[in-house]
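Fold and geometry: a report
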Amino acid sequence: MKAKVKDKIRIIRKMNDWSMEYQEGDVFTVESTWYGGVNVTSKTGVPLSLDEIEYEVIAAEGAEDSAQSPQIHLLFHADTKQGLERCLAGAEALLLQCQKEGMQGKLEILAEYEALLCLKSGAEAEERIEKLTKEGVKIYACLQSAREAFLNQEELSGCVRTVPLGAALLAKKQMEGYGYVKY
């Protein structure tokens, strides 16, 4: 989801390792937007330009109308290459359906084991993954599975988030009321 002026955002992936003005987990209010991200002001008053992959939108001022529209919360889960392809296709189709029907929601994908190979930098699906993350879909890779497949976190696409244990993410999302689709 694109951020708008006055939206609250949370830093999820710090891209500028040298800056001490922001850290992962910090929350800012959007002051202006640009084609690739947003502009905010740090706690010390320093202006920051943040790229879209660095943050997630957490709330908007006056978002009462979005509370009225239907909400979908769905987690896709794959542990094979074919399963991940079906997850990506399912997320793409569901995004289109949500747009047509004016629904809002959160779509997330968890990849484990063999499916992680599709999330590597330079993999065939990387362009689709980047497009989905720009549309607000969160894509997670299980680090335990990556270790078992002898993959380093650095080998994964920059759009992919990592979680220590996929099963823990599944349990958390279930407690939050997410629907679940396994491919």
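Residues numbered from 1 in each chain as written. Predicted model: local features only at pLDDT ≥ 70, side-chain atom pairs only at ≥ 80, totals over all residues. Heavy atoms only, no water.

As recorded in an unreviewed UniProt entry, the protein chain goes by DsrE family protein and comes from Candidatus Blautia merdavium.

Interpreting fine coordinate detail is not advised for predicted regions of low pLDDT. Confidence along the protein chain averages 88 in pLDDT terms, with 93% of residues attaining 70 or more. Confidence, expressed as mean pLDDT per element, reaches its minimum in the protein chain at helix α1 (residues 64-68) with 49 and its maximum at strand β9 (residues 138-142) with 95. (pLDDT = per-residue confidence, 0-100. Helix = DSSP H or I, 4+ residues; strand = E, 2+ residues; numbered from the N terminus.)

Here we take up the pattern of salt bridges. Evaluated as defined, the whole model comprises eleven salt bridges. A salt bridge links arginine 10 to glutamate 56; its shortest N-O distance comes to 3.0 Å. Of this pair, arginine 10 sits in strand β1 (residues 7-11) while glutamate 56 sits in strand β6 (residues 55-60); the two residues are 46 residues apart in sequence, bridging distant segments of the chain. You can call arginine 10 partly exposed: its relative accessible area is 31%. (Salt bridge = Lys/Arg side-chain N within 4 Å of Asp/Glu carboxyl O. Buried < 20%, exposed > 50% of the residue type's maximum accessible area, 1.4 Å probe, protein only.)

Take the side chain of histidine 77 next. Looking at the secondary structure, you find histidine 77 in strand β7 (residues 71-78). The class of histidine 77 is buried, set by a relative accessible area of 6%. Within polar-contact distance, the side chain of histidine 77 engages the side chain of glutamate 112 at 2.7 Å. Once you skip the residues sitting within four places of it in the chain, histidine 77 turns out to touch Cys87, Leu110, Glu112, Leu170, Tyr180, Val181, Lys182 and Tyr183. (Polar contact = N/O pair within 3.5 Å; in protein donor to acceptor, adjacent residues only side chain to side chain. Contact = heavy atoms within 4.5 Å.)

This part takes up unusual backbone geometry. Located in the positive-phi region is lysine 6, a residue other than glycine, with phi close to 80 degrees. Among the secondary structure elements, lysine 6 is positioned in the segment before β1. Phi at phenylalanine 150 takes a positive value of approximately 60 degrees, unusual for a residue other than glycine. Residue position: phenylalanine 150 is located in the loop between α4 (143-148) and β10 (161-163). Given a relative accessible area of 74%, phenylalanine 150 falls into the exposed group.

Next up on the list: the environment of glutamine 144. Looking at where glutamine 144 falls in the secondary structure, it is placed in helix α4. In this structure the C-alpha to C-alpha distance between glutamine 144 and tyrosine 113, which are 31 residues apart in sequence, comes to 8.8 Å.

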